[in-house]
Amino acid sequence: MSTDTEAPIYNKSALEFKSSSFSSPVLAIHSTELKQIKHQLKEKIAQAPEFFRNSPLLIDLKFCNENEEPIEFEALIEFLHKESLFPIGVSGANEEQKNIAFKFHIPVHTIRGAHTESKFPTQSNSTNTPKTTDDKPSNETVETIKNMLITQPVRSGQRIYAKGDLTILSHVSAGAEVMAEGNIHIYGALRGRALAGVQGNTESRIFCSALHAELISIAGHYKTSEDLDTLDQQKPTQILLQDQALIINNL
Amino acid sequence: MARIIVVTSGKGGVGKTTTSAAIAMGLAKKGHKTAVIDFDVGLRNLDLIMGCERRVVYDFVNVINGEATLRQALIKDKRCNQLFILPASQTRDKDALTQEGVGKVLKELSKEFKYIVCDSPAGIERGANLAMYFADDAFVVTNPEVSSVRDSDRMLGILASKSRRAEQGEEAIKEYLLLSRYSPKRVKLGEMLSVEDVQDILSLHLLGVIPESQSVLNASNSGTPVILDEESNAGQAYADVVARYLGEDVPHRFIDEEKKGIFGKLFGKK
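Residues numbered from 1 in each chain as written. Chains lettered and ligands numbered in written order. Predicted model: local features only at pLDDT ≥ 70, side-chain atom pairs only at ≥ 80, totals over all residues. Heavy atoms only, no water.

A.B. asks: Give a detailed account of the overall build of chain A, specifying residues and quantitative values.
C.D. replies: Across its full length, chain A carries seven helices and 15 strands. In chain A, which comprises 251 residues, the share counted as buried stands at 36%. Once local pairs closer than 6 in sequence are excluded, the contacts in chain A between residues at least 24 apart make up 37%. (Helix = DSSP H or I, 4+ residues; strand = E, 2+ residues; numbered from the N terminus. Buried < 20%, exposed > 50% of the residue type's maximum accessible area, 1.4 Å probe, protein only. Contact = heavy atoms within 4.5 Å.)

In structure tokens:
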């Protein structure tokens, strides 16, 4: 060994806090009947036992808390543990449920957009017949959607993640990655990767003024540059999802 | 306060050291007191290009470790008394550089010098990161080919996010493009990216186009910064670059193919 090692190395740290995003299944509870929940959950697990084994799980209690009857939350958690599922968070919980969650070391979240994938017909109903609002608004509706605006070119190697819509006034270079839970608007050329609706919003779209993308994806449905070769790429383009297929249109 | 310039590219072999030597000499010849630092610890080259390799006693790492003072380590150029060279250590590796150490040296140099040119190593690891961390201006050296352009793009992303100015939320580093080893003839044949192609991808302020030239290799071999070869295209191009950087309005040259007359063909210097 050389004597170099004696010199203190200031910049080497043993740990680092990083921010990352990953997807996890969300279990939205619609009923307070524990028996019914258990029965249906067992059925679901039987369909894909490998998928559910030791899987992390977010529990969404918003819908079941709209019922009069309280759910036996503690029993539910114990049941999930027994089925080798790991609850890693609870959202839409009331105070009592929050306390139970803490007891089981489960963090309490407010997941925005957790219900977008749900087939429960609250969304369409609420838009058609607006509810007479209560005096106290619920936590979920207060949260604003965070749109993001980028004025500089997105360089190779950079990653951008927007909670809402993402607007980029310049181009996206090859080797860059832009992601949004909503739509992506690119006023320059798209040469890198663009992933819209990353939380499963199938309504989101990608717009760009020239399409030379490495990869485009909407709600997990993707195409790579190989599939995009035949297109007229210099025109303003939109990409949307229709019947599970990516549609690419010139605007 | 000194202005700290980093000469960077991401990719190797595009002409970072040649550029560092040329613009440092150019700035010094314009009367500005200039220091040029080799950040390529372990693979030092700048001293060769500057022709001072036989005068190296102490180096950058010695200064950082407190084994020598700056005054001892700085080598005064024999051709221009406004120019000083701080060579890299050849026996260490990049881990010998620390952010605190580099910051301290740059701060001390800032007191005395007008411009500090940091010759970055290739790559995006420690040496390159430290070379650009404290920079005020960045000269991004790019060759007109796709891999170099992409690496420059990556480097620009790092400049925008990992520099001191970015971390402290100050005004962003000023980025300039230097397109080197450019051959209008090969661009015409479609073998090279054109200035427009590169600008389309990088959208940067073009500081100058340095033509591919035999004189660069000759200059490197003889340890003379190519800017001192006033006859050569490359030397003139670098002189233009320095002038433009200092705010002079100099039209771009060497982008289009020169039309040579019969005398030019016979006697023209490449």
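A.B. asks: Quick one: what's the story with a nonpolar patch on the surface, residue by residue and with numbers?
C.D. replies: Residues and elements named next belong to chain A. A contiguous nonpolar patch, built from Leu149, Leu169 and Tyr187 and spanning about 350 Å² of accessible area, is present on the exposed surface. With respect to the element layout, leucine 169 can be found in the loop between strand E7 (166–168) and strand E8 (177–180). Take leucine 169: its relative accessible area is 45%, and that puts it in the partly exposed class. (Patch = residues over 30% accessible without salt bridge, like charges linked within 9 Å, V, L, I, M, F, W, Y side chains within 5 Å. Areas by Shrake-Rupley, 256 points an atom, 1.4 Å probe, with all protein chains shown as cover. Salt bridge = Lys/Arg side-chain N within 4 Å of Asp/Glu carboxyl O.)

A.B. asks: Can you explain the sheet that holds strand E8 (residues 205–211) of chain B? Please cite residues and give values.
C.D. replies: Residues and elements named next belong to chain B. Here we have eight strands laid out as an open sheet, ordered E3-E4-E2-E5-E1-E6-E7-E8, and mixed in their pairing. Two strands bound the open sheet, and with one partner strand each, they are strand E3 (75–76) and E8. As paired elements, strand E2 (residues 34–38) and strand E5 (residues 115–119) share five bridges and run parallel to each other. Opposite aspartate 38, over in E5, you have aspartate 119 as the bridge partner. Sheet strands touched by helix H7 (residues 146–162): strand E1 (3–8), strand E6 (137–142) and strand E7 (174–182). Its angle to E6, the strand with the most contacts, is close to 165°. (Pairing = 2+ DSSP bridges. Axes fitted to C-alpha atoms, helices over the stretch in contact; angles between N-to-C directions.)

A.B. asks: Outline the interface of chain A and chain B, supporting the account with residue identities and numerical values.
C.D. replies: Contacts between the two partners involve 13 residues from chain A and, on the opposite side, 17 residues from chain B. At the boundary of chain A with chain B, total buried surface from both sides reaches about 1300 Å², with 40% on carbon and sulfur atoms. For the pair chain A and chain B, the interface holds three salt bridges. With a closest N to O distance of 3.0 Å, Arg155(A) and Asp153(B) form a salt bridge. In terms of residue class, the side of chain A that touches chain B is made up of three nonpolar, six polar and four charged. (Buried area = accessible area lost by both parts, 1.4 Å probe. Nonpolar A, V, L, I, M, F, W, Y, C, P; charged D, E, K, R; others polar.)

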